[in-house]
Amino acid sequence: MTDNQTFEGRCTCGEVRYRMTTAPLFVHCCHCRWCQRETGSAFVLNAMIEAERVELLAGTPVVIDTPSNSGKGQKIARCPTCQVALWSNYGGGGDAVRFVRVGTLLEPDRLPPDIHIYTSTKQPWVILPPGTPAVAEFYDLEKYWPAASLERRVALRARRNVTRPA
Ligand SMILES: [Zn+2]
Ligand SMILES: [Zn+2]
């Protein structure tokens with residue numbers, strides 16, 4: 001995936017609109033019980049991207065403190081009117097990295113998962129495609145991220161003291 005692409009997204013009522021100004025760092029398909037509960041579905045698709053690469057085009061999300069599996073909590077940015085969740089930040093990483101909900105993009109098909117995580121609690125009827133990495137819990141970023149994303153992560157850590165995303 002090249003870096004010079006943009007991706008626009010919106011909530012359901014259209015009050016909040018945003019643009020990812022580049023491709024994300026990596027796309028997680030998370031099958032953990034927490035994501036299942038928060039989405040009411042079998043998994044969530046999150047595109048991880050530096051916060052400064054997400055431009056608000058309209059509206060102002062409200063940020064809701066929500067418990068997380070790590071115990072550090074997550075902040076979910078939601079439309080103040082329709083309450084659809086647009087992205088999350090996790091406690092460890094502060095606001096440096098956003099986990100953009102791929103389903104809120106206008107063209108979500110453009111960002112298929114780079115990895116399936118927490119497959120230990122995957123719904124049994126979800127059949128994973130061959131060729132995409134899948135791990136039972138979390139994973140070693142150095143092992144799976146492309147070199148360009150690891151470089152971006154180094155730059156991010158240099159700017160802010162970021163710990164590993166939850
Ligand atoms: Zn809305
Ligand atoms: Zn999860």
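Coordinates for the structure precede this section.
Reading the values: rules and limits
- Residues numbered from 1 in each chain as written.
- Chains lettered and ligands numbered in written order.
- Predicted model: local features only at pLDDT ≥ 70, side-chain atom pairs only at ≥ 80, totals over all residues.
- Heavy atoms only, no water.
- Donors = N, O, S within 2.8 Å, 3.2 Å for Na, K, Ca; no water.
- Buried < 20%, exposed > 50% of the residue type's maximum accessible area, 1.4 Å probe, protein only.
- Pairing = 2+ DSSP bridges.
- Helix = DSSP H or I, 4+ residues; strand = E, 2+ residues; numbered from the N terminus.
- Axes fitted to C-alpha atoms, helices over the stretch in contact; angles between N-to-C directions.
- Polar contact = N/O pair within 3.5 Å; in protein donor to acceptor, adjacent residues only side chain to side chain.
- Contact = heavy atoms within 4.5 Å.

A. Here's a closer look at the coordination of the zinc ion (ligand 2). Bound to the zinc ion (ligand 2) on the protein side are C30 (SG), C32 (SG) and C35 (SG), at distances that span 2.1 to 2.3 Å. As a motif over one chain, the donors of the zinc ion (ligand 2) read C-x1-C-x2-C. Assigned by exposure class, C30 and C35 land together as buried.

B. Representation of the sheet that holds strand β8 (residues 85-90) within the structure. The mixed open sheet is built from seven strands, whose spatial order is β6-β7-β8-β9-β4-β3-β10. The outermost strands of the open sheet, each flanked by one partner alone, are β6 (62-66) and β10 (115-117). Averaged over all neighbouring strand pairs, the angle between strand axes comes to 30 degrees, with direction disregarded. Note that β8 and strand β9 (residues 97-101) share two bridges and pair antiparallel. If you follow W87 over to β9, its bridge partner there is V100.

C. Main features of the sheet that holds strand β1 (residues 7-10). Strands sit in the order β1-β2-β5 across an open sheet of three strands; the sheet is antiparallel. Looking along the sheet, the strands with just one partner apiece sit at the ends: β1 and β5 (54-58). Across this sheet, the average inter-strand angle for adjacent strands is 25 degrees, counted without regard to direction. Pairing of β1 with strand β2 (residues 17-20) involves four bridges; the strand directions are antiparallel.

D. Expanded view of the side chain of H116. Secondary-structure assignment places H116 in strand β10. Under the relative-accessibility criterion, H116 is labelled buried at 5%. At a separation of 3.0 Å, a polar atom in the side chain of H116 contacts the side chain of H31. Residue contacts for H116: discarding those within four places in its chain leaves C29, H31, L128, P129, T132, P133, A134 and V135.

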